[in-house]
Amino acid sequence: MLYFSRLKTALIIGACILGAVFCLPNLHRAPASWLPWRQVHLGLDLRGGSYLLLEVDMNAVARERLDGVLDMTRHTLAGDEIGYRALTVQPAAQRVVFALRDPAQSTAALHALRQASDPAAGAAGPAEIDVAPLPDGRIALTLSPVALQQRANAAIEQSIEIVRRRIDETGVADPVIARQGDRRIVVQLPGVSDPERIKQLLGQTAKMTFHLIDPDADVNAPVPPPGVEFLPMADNPAVRLAVRKRVEVDGADLTDARPGQDQQGGGWVVNFSFDSAGGRRFADVTRANVGRPFAIVLDGKVISAPQIREPILGGSGQISGRFDVRGASDLALLLRAGALPAPLSVVEERSIGPELGADSIRAGAIALAVGFVLVIAFMAIFYGLFGWIANLALLVNLILMLAILSLLQATLTLPGMAGILLTLGMAVDANILINERIREETRNGRSPINAMETGFKRAYTTILDSNVTALLAHVMLFIFGTGPVRGFAVTITVGIVTTLFTATLLARLMMVRWYAATRPAALPV
């Protein structure tokens, strides 16, 4: 236990030096942009910023799925030449209902719809759609509650990912985005005092689709003809266009979107490009509809309806409109990040000023300093020279913690600062255990070198067991916790690792070097 080879000694000292080097970025700004200057970032409660609580519209998820079931029913029955009437959606019952013109076709209709709604019939898992006749002779296609819940969970996870992409595109550093409950998302934006632009970006679903215009439909009619809807222009809601409901090309096939300036008019536009599948579909549609207007629809509004002058075969295009620089940039950002599966609404908003964050930092720093000084005083009074060795190891422990947090570019919050303070106390526990074991062996009449050897051996197993169990507990906190709980778990986990290093290696090395240099007749413990 007390033998240290030159290599082992060099590795321990080298780790301490590296820790000090990696802490430097927290004390000074990067001298050059090319340097990997990793720092510990301050969280919302320390730096100030904005807090948003978003809610996903789950009713929209169900409505979209019901609209899909409605289209599937219409196309299936038309393809099998089965007459129907009164095809309607009943959102409250989560079903689509229709009546047959010829009741004798009931068996054929049920078979065709079951095949269309569940192509993988017989596979594991519940069917998403239950197709069954009603007592009054109509047929209902009802969404399965289990399948609908799975779709809702997928919508939440997808929304979190898209929200993260949109916020990352704005350049906000260290945002915290996490799920809360069944349908809510927490967004913390450190350093953002005015979140209005973020709210505007997150409030748009950004679902873009391409549709053909129906030239024969009368937009002044009270009800649009079947398969057509009247949509307003984005820049002039009083003007409506008769847009066919069928989606010719989906914006989900976009691979890139960038703002730019039109070479002819000089106005701001958004240049976009499709993937291979979307590019082929875009080419086919434009080739077959030369001379016809082609509507670009974003969240239920027509942002542009240019005329197809020639086939567009390159898989790219341009959206023109009354854009300014910011409007074109925001639209391109939304298209790159992808469409939300359902609308988001802000249900709670809070702003934390930088003064409050500075007060939190000051209070946390004072608590950390006071705790550190009290621990140093306690160890020095009760354990003498070995106490000062433990204090030096404790200081190195704090430096190594900050170094690892800097390498991870962790976000430090108030619970994280509490975790650092708690780690210092846990590190002292390990040193106290070692010193008490050495003191006990000395009282039993052992020689100084034997007392140190036996004391470290007896304490080592206890220290390792207690720290490993604490490490596992905090790893579980990190995996299953959110927000501040995870920040607390990160600092404690890192602190446990550094404590094992400083208590069982660094402090032991310093004691061994002191003993080899002085050869005392009695230990100062």
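Caption draft 1: Structural detail: the overall build of the protein. A count of helical and extended segments in the protein gives 12 helices and 19 strands. Each of the three principal axes of the protein carries a C-alpha extent, and together these read 105 × 60 × 40 Å. Looking at the 525 residues of the protein, the share that counts as buried comes to 41%. Across the protein, every contact between residues at least 6 apart in sequence was considered, and the portion connecting residues at least 24 apart equals 69%. Charge separation in the protein, taken as the distance between the mean sites of 49 positive and 47 negative side-chain charges, equals 8 Å.

Caption draft 2: Molecular detail of the nonpolar core. Counting 27 residues, the largest nonpolar core has F386, I438, L506, M511 and L523 as its most contacted members. Breaking this core down by element, the ones donating at least two residues are helix 1 (6–23), helix 9 (354–408), helix 10 (414–443), helix 11 (448–480) and helix 12 (484–518). No other element matches the 10 residues that helix 12 contributes to this core. When sequence neighbours within four positions are dropped, the list of residues in contact with M511 reads F386, I389, N435, I438, M452 and F456. One finds L54, V56, V61 and L189 within the second-largest nonpolar core, a separate group that totals 24 residues.

Caption draft 3: Inspection of the sheet that holds strand 14 (residues 268–274) at higher detail. The strand order across the open sheet formed by three strands is 13-14-17, and the pairing between neighbours is antiparallel. For this open sheet the edge positions go to strand 13 (254–261) and strand 17 (316–323), each flanked by a neighbour on one side alone. Ignoring strand direction, the axes of neighbouring strands in this sheet form an average angle of 25°. Here strand 13 pairs with strand 14 via seven bridges, running antiparallel. Residue pairing across strands places P259 opposite V270, the latter belonging to strand 14. Against the sheet, helix 7 (residues 276–288) touches strand 14 and strand 17, its axis set at about 110° to strand 14. With respect to the sheet, helix 8 (residues 325–337) is in contact with strand 13, strand 14 and strand 17, its orientation differing from that of strand 13 by roughly 175°.

Caption draft 4: Examining unusual backbone geometry more closely. Its identity as a non-glycine residue notwithstanding, A206 has a phi of 60°, on the positive side. Under the relative-accessibility criterion, A206 is labelled buried at 4%. One non-glycine residue, Q409, adopts positive backbone phi at about 50°. With respect to the element layout, Q409 can be found in the loop between helix 9 and strand 19 (411–412). Residue class for Q409 comes out partly exposed when judged on its relative accessible area of 34%.

Caption draft 5: Just the pattern of salt bridges, in detail. Under the criterion given, the structure shown has 24 salt bridges. For R184, the salt bridge goes to E55, with nearest N and O atoms at 3.3 Å. Here R184, found in strand 8 (residues 184–190), pairs with E55, found in strand 2 (residues 49–56); they are 129 residues apart in sequence, far enough to count as distant. In this structure, R458 engages E441 in a salt bridge whose closest nitrogen and oxygen atoms are separated by 2.6 Å. With R458 in helix 11 and E441 in helix 10, this residue pair connects regions lying 17 residues apart in the sequence. Counted as one network, the salt bridges with shared partners bring together R437, E440, E441, R446 and R458.

Conventions we followed
- Residues numbered from 1 in each chain as written.
- Predicted model: local features only at pLDDT ≥ 70, side-chain atom pairs only at ≥ 80, totals over all residues.
- Heavy atoms only, no water.
- Helix = DSSP H or I, 4+ residues; strand = E, 2+ residues; numbered from the N terminus.
- Buried < 20%, exposed > 50% of the residue type's maximum accessible area, 1.4 Å probe, protein only.
- Contact = heavy atoms within 4.5 Å.
- Lys, Arg positive; Asp, Glu negative; His and termini not counted.
- Charge placed at Lys NZ, Arg CZ, Asp CG, Glu CD.
- Core = buried A, V, L, I, M, F, W, Y, C linked by side-chain atoms within 4.5 Å.
- Pairing = 2+ DSSP bridges.
- Axes fitted to C-alpha atoms, helices over the stretch in contact; angles between N-to-C directions.
- Salt bridge = Lys/Arg side-chain N within 4 Å of Asp/Glu carboxyl O.

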